[in-house]
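Descriptive analysis of the structure
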Number of protein chains: 2
Amino acid sequence: MGNLVNVAVDAMGGDNAPGEIIKGTVDALNDQENVRVHLTGKEDLIKAELSKYNYPSDRVTIVNADEVIGMDEPPVTAIRKKRDSSIVVALNLVKSGECDAFVSAGSTGAVLAGGQLLVGRIKGVERPPLAPLIPTAKGVSLLVDCGANVDARPSHLMQFAKMGSAYMKYAMGIDNPRVALLNIGVEEEKGNALVKETYPLLRSCSDINFTGSIEARDIPEGGADVIVCEAFAGNVALKMYEGVGKVLLAKMKEAMMANVRTKIGALLIKDSLKSTLKEFDASEYGGAPLLGLKGLVVKTHGSAKAKEVRNSIIQCITFKEQDVNGKIKQYLDLDSEVN
Amino acid sequence: MGNLVNVAVDAMGGDNAPGEIIKGTVDALNDQENVRVHLTGKEDLIKAELSKYNYPSDRVTIVNADEVIGMDEPPVTAIRKKRDSSIVVALNLVKSGECDAFVSAGSTGAVLAGGQLLVGRIKGVERPPLAPLIPTAKGVSLLVDCGANVDARPSHLMQFAKMGSAYMKYAMGIDNPRVALLNIGVEEEKGNALVKETYPLLRSCSDINFTGSIEARDIPEGGADVIVCEAFAGNVALKMYEGVGKVLLAKMKEAMMANVRTKIGALLIKDSLKSTLKEFDASEYGGAPLLGLKGLVVKTHGSAKAKEVRNSIIQCITFKEQDVNGKIKQYLDLDSEVN
């Protein structure tokens, strides 16, 4: 057994805290020998949940935090004022170096703001992007940025491309990841001012595998491994992806439950359908990493259940063991040598 | 029978021209007594297709056009140079007043550019948006703008809201349509610079039913009737909507065809599933109108089949009979009186 990876977990964040967060944590601990989890939040609640399970207690630390940041609080103010919140206490563990990574299902705004304010950016990173993995027909793609930086500049997008390449190559094991620029057509002259300025910058990067523009309709097919976009468009793409999936599946279910005949049909296809849909389950891959910080910060869905929490913790182990931050630095440095 | 509505149809545009275009035209003519269609394109090809069907030939005019604008030609140049193309000839029929509307499955860029250059904007309209109807769990919503005007300004978005309201109220019969601004969160302080400037403008419009921001994930649920957005984000939303649907349905089909057991199950649920999925079939509603021009220009998918072409022609009849352009003028004038 090598060195333990230390992961701080926000026990109080998200719709299903603390129950599902603790369950996911226990699952990760039982599955993986090389991780220690630091649970931040109300000690008595955490202890009560932990008492339901068998787990390696020598690899769990409870760090009491009496406050909770609500989903609707103004993020920066909340981070500054609620020093004893589960998010701030956890981020300070990463800042001090006691932890390598942080996982939270809490307020996205607070996690993003706190990550930047407390953990801090890697030197040279202009804007740390939020980069969720989305399942596709061919595997999984990274959508970078999906909400951290609205009104980004071309130089930011170039860094997103590099950080995303490093992440997909080293954290996800995809060789020579294909990088595409989200656009409204595939021709180079298409797009808004930002895209038109960014395109030649990406084309000039020798250290990434830039394949050109991609339209949103080709993302679910798996048209690229890293999709670079400004956060507003990325957020729209991500949420439309989630929204369409949800409605289509609900309608499908309705159709299968319509009458006795369809219910029998549903029983016959259930297993096959389940294994197909599993491929499209984002929680299989963990949460969205905020790239470019000195430590790893992972934001899971607010509605995350144990599986997503477990997989997010495992994601932190890979990130640390593969030294993805070291690779991100290399990608960014390489460019500063070239220019 | 009242006055005939005159619709110009591009017989040469799209992946399935002229076959599916002519078939859809014949279907519309046989269904509706109050429309005359002017088919533009190569006369011999059009005649050969028409000869396959029974239809009211007194309500069909063939207008020969020897050129075709390809999908990848630079739009403005193509419109200027190919004066004898099916698109230009048809648009000139609208310009001259001989036709009320134009339907094309051809190059989106050429249709948008040609609509503006040849048909022209209603006086006072700053930018004519492309506004597709997308099916939702509750009916159908209008996404405006989806590709006509990148880098739009807040005043453009305000006009989109008004034109979209007029369209949904009078062409689609939705009373007091709910207008929402596409955003990355629902709080007023969320969003990029454009959205932050547009929000108070929309709130101040007394003639529309502005309900605030909408996240892309709530669009498929039917969270608003008119979704106002800048064209880049709108195009991403639309294409992601189409892309996810396509991949999920393909995967679903794969799961149902996996083995004998699932194939029997599929047979049992087939009818129920079909009627559910029909609700999500955009071609039921026709194509995307380009709003704010002196005549109606409707862009169908490049892959449009007869049903979409038929429904697009019927859409033109409603547009004319409900005097949607008159209503658009009223909506826009009302505002100029207020200010």
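Above this text is the structure in question.
Below or above, wherever it landed, is the structure these notes cover. This is a predicted model, so every value here is computed, not measured.

**Thoughts on helix 2 (residues 43–50) of chain B**
Buried residues of helix 2 of chain B: I46(B), E49(B) and L50(B), and no others. An end-on view of helix 2 of chain B places all buried positions within 100° of arc, on one side of the element.

**Comments concerning the relation of the copies chain A and chain B**
Between chain A and chain B, the superposition needs a rotation of 180° and an axial shift of 0.0 Å, giving an RMSD of 0.0 Å. With respect to symmetry, the two chain copies, as superposed, fit the operation of a two-fold axis. In terms of proximity to the rotation axis, the leading residue of chain A is G265(A), whose C-alpha is 1.8 Å off the axis. Counting the interface residues of chain A, we find that 100% of their copies in chain B are interface residues as well, pointing to one common contact surface.

**A short note on the sheet that holds strand 3 (residues 60–64) of chain B**
All names here are of chain B. Pairing within the open sheet is mixed, and its six strands lie in the order 3-2-1-4-11-10. Among the strands making up the open sheet, the edge pair consists of strand 3 and strand 10 (288–290). Pairwise comparison of adjacent strand axes, ignoring direction, gives a mean angle of 25° for this sheet. Relative to strand 2 (residues 35–41), helix 1 (residues 19–31) is tilted by about 165°, and along the sheet it contacts strand 1 (5–10), strand 2 and strand 3. Contacting strand 4 (101–104), strand 10 and strand 11 (296–299), helix 5 (residues 108–119) crosses the sheet at an angle of about 175° to strand 11.

**Looking at the packing of helix 1 of chain B against helix 2 of chain B**
Residue and element names in this part refer to chain B. Close contact between helix 1 and helix 2 brings their axes to 9 Å; oriented N to C, the two are set at 55°. In this view, helix 1 runs oblique relative to helix 2, as classed from their interaxial angle. Pair helix 1 / helix 2 crosses with right-handed handedness. Residue-level contacts link G19, I22 and V26 of helix 1 to I46, E49 and L50 of helix 2. In terms of residue class, the contact of helix 1 with helix 2 is built from four nonpolar, one polar and one charged.

**Considerations on the packing of helix 6 (residues 154–171) of chain B against helix 7 (residues 193–203) of chain B**
Describing two packed helices takes the angle between their axes plus the distance from one axis to the other. All names here are of chain B. It is at 9 Å that the axes of helix 6 and helix 7 come closest, and there the two elements cross at 50°. Regarding the angle of helix 6 to helix 7, the classification is oblique. Helix-helix and strand crossings are classified by hand; for helix 6 and helix 7 the assignment is right-handed. The segment helix 6 lies against helix 7, with P154, S155, L157, M158 and A161 engaging L194, E197, T198, L201 and L202. Looking at the contact of helix 6 with helix 7, its residues break down into seven nonpolar, two polar and one charged.

Criteria and thresholds
Residues numbered from 1 in each chain as written. Chains lettered and ligands numbered in written order. Predicted model: local features only at pLDDT ≥ 70, side-chain atom pairs only at ≥ 80, totals over all residues. Heavy atoms only, no water. Buried < 20%, exposed > 50% of the residue type's maximum accessible area, 1.4 Å probe, protein only. Helix = DSSP H or I, 4+ residues; strand = E, 2+ residues; numbered from the N terminus. Arc of directions from axis to C-beta. Least-squares fit on C-alpha atoms with pLDDT ≥ 70 in both. Contact = heavy atoms within 4.5 Å. Pairing = 2+ DSSP bridges. Axes fitted to C-alpha atoms, helices over the stretch in contact; angles between N-to-C directions. Parallel < 35°, antiparallel > 145°, perpendicular 65-115°, else oblique. Left-handed = near helix turned anticlockwise from the far one by under 90°. Nonpolar A, V, L, I, M, F, W, Y, C, P; charged D, E, K, R; others polar.

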